[in-house]
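# What the coordinates show
If you want the building blocks of each chain, they are given just below.
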Amino acid sequence: MDPNPSTFPDSGTATPGRAGGEPAGDTGAVVAPGPGAGRIVLAATPIGNTGDASARLVELLATADIVAAEDTRRLHRLVQSLGVTVAGRVISYHEHNEAAKTAELLDQVRAGKTLVMVTDAGMPAVSDPGFRLVEGAVAAGLAVTAVPGPSAVLTALALSGLPTDRFCFEGFLPRKAGERASRLADLAGERRTMVFFEAPHRLEAMLRALRERFGPDRRIAVCRELTKTYEEVIRGSLGELLQWVEGTEVRGEIAVVLAGAPEQAAGSPEDHVAAVNELVAQGIRLKEAVAAVAEDVRVSKRELYSAVLAAR
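Residues numbered from 1 in each chain as written. Predicted model: local features only at pLDDT ≥ 70, side-chain atom pairs only at ≥ 80, totals over all residues. Heavy atoms only, no water.

- Identification of the protein as Ribosomal RNA small subunit methyltransferase I from Pseudarthrobacter siccitolerans is taken from an unreviewed UniProt entry.
- The Sequence similarities (unreviewed entry) field of the UniProt record for the protein holds the comment "Belongs to the methyltransferase superfamily. RsmI family." (UniProt positions renumbered as here; feature names shortened; annotations may be inferred.)

## Details of the overall build of the protein
- Counting its secondary structure elements, the protein contains 11 helices and 12 strands.
- Going through the 312 residues of the protein one by one, you find that 44% of them count as buried.
- If you take every contact in the protein between residues at least 6 apart in sequence, the share linking residues at least 24 apart comes to 71%.
- Summed over all atoms, the accessible surface of the protein reaches about 16,300 Å², with 50% contributed by carbon and sulfur. (Helix = DSSP H or I, 4+ residues; strand = E, 2+ residues; numbered from the N terminus. Buried < 20%, exposed > 50% of the residue type's maximum accessible area, 1.4 Å probe, protein only. Contact = heavy atoms within 4.5 Å. Areas by Shrake-Rupley, 256 points an atom, 1.4 Å probe, with all protein chains shown as cover.)

## Section: the packing of aromatic side chains
- Overall, the coordinates contain 2 aromatic pairs when judged by the stated rule.
- Aromatic pair Phe169 and Phe197: ring centres 5.0 Å apart, planes at 65 degrees, arrangement edge-to-face. Here Phe169 is found in strand 8 (residues 167-172), whereas its partner Phe197 is found in strand 9 (residues 193-198), with 28 residues between them in sequence.
- For the ring pair Phe172 and Phe197, a centre distance of 5.8 Å and an interplane angle of 65 degrees mean the geometry is edge-to-face. Separated by 25 residues along the polypeptide, Phe172 in strand 8 and Phe197 in strand 9 bring together distant segments of the chain.
- A connected cluster of aromatic rings, assembled from ring pairs, spans Phe169, Phe172 and Phe197. (Phe/Tyr/Trp six-rings, centres within 6.5 Å; stacked < 30°, edge-to-face > 60°.)

## Observations regarding the nonpolar core
- Formed by 23 residues in total, the largest nonpolar core has its most connected members in Phe196, Leu203, Leu207, Leu210, Ile220, Val256 and Leu258.
- Elements that contribute at least two residues to this core include exactly strand 9, helix 7 (203-214), strand 10 (219-224), helix 8 (238-246) and strand 12 (254-258).
- In contact with Val256, not counting residues within four places along its chain, are Met194, Val195, Phe196, Leu203, Met206, Leu210, Ile220, Ala221 and Val222.
- The next biggest cluster of nonpolar side chains, apart from the first, holds 17 residues, and it includes Ala43, Ala64, Val67 and Val90. (Core = buried A, V, L, I, M, F, W, Y, C linked by side-chain atoms within 4.5 Å.)

## What about the pairing of strand 5 (residues 89-92)?
- Note: strand 4 (residues 66-69) against strand 5, 4 bridges, orientation parallel. Paired with Val67 across the bridge in strand 5 is Val90.
- With respect to chirality, the unit in which strand 4 leads through helix 2 (residues 72-82) into the neighbouring parallel strand 5 is right-handed. (Pairing = 2+ DSSP bridges. Right-handed = clockwise from strand over helix to strand, strands pointing away.)

## A look at the environment of Ser237
- With respect to the helices and strands, the residue Ser237 is situated in strand 11 (residues 232-237).
- Ser237 gets classed as buried once you look at its relative accessible area, which sits at 9%.
- For the pair Ser237 and Ala221, spaced 16 residues apart in the sequence, the C-alpha separation amounts to 8.3 Å.
- Contact partners of Ser237, with chain neighbours within four places excluded, come to Pro216, Asp217, Arg218, Arg219 and Ile220.

## Let's talk about the pattern of salt bridges
- Scanning all chains against the criterion turns up 11 salt bridges.
- The residue Arg110 makes a salt bridge to Asp107 at a minimum N-O spacing of 2.7 Å. Here the residue Arg110 and the residue Asp107 both occupy positions in helix 3 (residues 98-110), the gap between them amounting to 3 residues, near one helical turn.
- Residue classification places Arg110 among the partly exposed residues on the basis of a relative accessible area of 40%. (Salt bridge = Lys/Arg side-chain N within 4 Å of Asp/Glu carboxyl O.)

## Some points on the layout of surface pockets
- If you add up the space inside the largest pocket, you get close to 1,500 Å³.
- In terms of lining residues, the largest pocket is bounded by 50 residues, among which Glu70, Arg74, Asp120, Ala121 and Asp128 are the most central.
- Among the elements of the structure, helix 2, helix 5 (152-160), strand 8, strand 9 and strand 12 are those that each provide at least two residues to the lining of the largest pocket.
- By residue number, the principal contributor to the lining of the largest pocket is helix 2, which donates 4 residues.
- Broken down by class, the residue content of the lining of the largest pocket amounts to 26 nonpolar, 13 polar and 11 charged. (1 Å grid on protein atoms, 1.4 Å probe; cavity = no way out; pocket = protein on both sides within 12 Å on 5 of 7 lines; lining within 4 Å. Points joined across faces, edges and corners; volume = space filled by probe spheres on them. Nonpolar A, V, L, I, M, F, W, Y, C, P; charged D, E, K, R; others polar.)

## With respect to the sheet that holds strand 6 (residues 114-118)
- The strand order across the open sheet formed by 5 strands is 5-4-6-3-7, and the pairing between neighbours is parallel. At either margin of the open sheet sits one strand with a lone partner, and together these are strand 5 and strand 7 (143-147). Neighbouring strand axes in the sheet, compared pairwise and without regard to direction, differ in orientation by 25 degrees on average.
- One ladder, built from 5 bridges, connects strand 3 (residues 39-43) with strand 7; its direction is parallel. Note on strand 7: the bridge partner recorded for Ala43 is Val147.
- Docked against the sheet, helix 3 engages strand 3, strand 4, strand 5 and strand 6, running at close to 155 degrees with respect to strand 5.
- Sheet strands touched by helix 4 (residues 131-140): strand 3, strand 6 and strand 7. Its angle to strand 3, the strand with the most contacts, is close to 150 degrees. (Axes fitted to C-alpha atoms, helices over the stretch in contact; angles between N-to-C directions.)

## Section: helix 3
- The terminal C-alpha atoms of helix 3, which comprises 13 residues, lie 18 Å apart, in line with the 18 Å expected from a rise of 1.5 Å per residue.
- Buried within helix 3 we find Glu98, Lys101, Thr102, Leu105, Leu106 and Val109. Projected down its long axis, helix 3 shows its buried positions confined to an angular sector of 145 degrees, all on one face.
- Of the surrounding secondary structure, the elements contacted by the buried residues of helix 3 are strand 3, strand 4, strand 5, strand 6 and helix 4.
- Following helix 3 by one or two positions, Gly112 has its phi on the positive side, about 105 degrees. (Expected span 1.5 Å × (residues − 1). Arc of directions from axis to C-beta.)

This is the structure we're talking about:
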């Protein structure tokens, strides 16, 4: 039984969805859905301000055969605020039951149903349920599309004041200190701007771990309550924001944007011979070691390879 029983009507009348081709697997081939097959629509929902809901989202909520919701209670509040009546069947679909329910939902799409997937906020499948559904649909050759909309990741990135030309999304860091430290060690050389999510009560521990790994001078922005009445973006160095959080009761949804590692001076190829030899000592082939170091420090592979040979 779903943990959040729906109060929405369960419509017994289905309107066949629109069929269409969809890439299958990683072959690039297009697999045509079976006769009468429907489609899956990943629909972004507001991250705070319900005024950000798109007209397409409103239309789909009113017309879809099935609405799969991460939390049916939140969906109920959303449609009430939008003045939408959901005529289709509402199904609870979240991280604790998606493995069991995915096959059932895919069967409904095969039968011609239009299935709309919504999560509590933002785009489904991005740090939210939905990936299993998309993965299964792609494998089955069923049509999948999306209704884009609000994104906490992109909103925080745009407001951070940090470089936006290259970035990566890291989601939530592990809660356990050891696992968190290991993840941050993997990001030690990351040059792209990094976007994280964090719970308010764990923000101080997160900033402390970031300062320990990246130093007090790395630039950072903490974004809270994006698009809501009390939206706030605090920008500064890791040292400054750690001082800020120590005296602040932080509330609301949090996105953290961290600057990437600073560019390193390339130096001469001879300066990096030791790094190549260290990788070789670990069992990596010479050419692969040269390529890795050359890319990391931005020197010519050919010149670095010659320098390594000359030093032997």
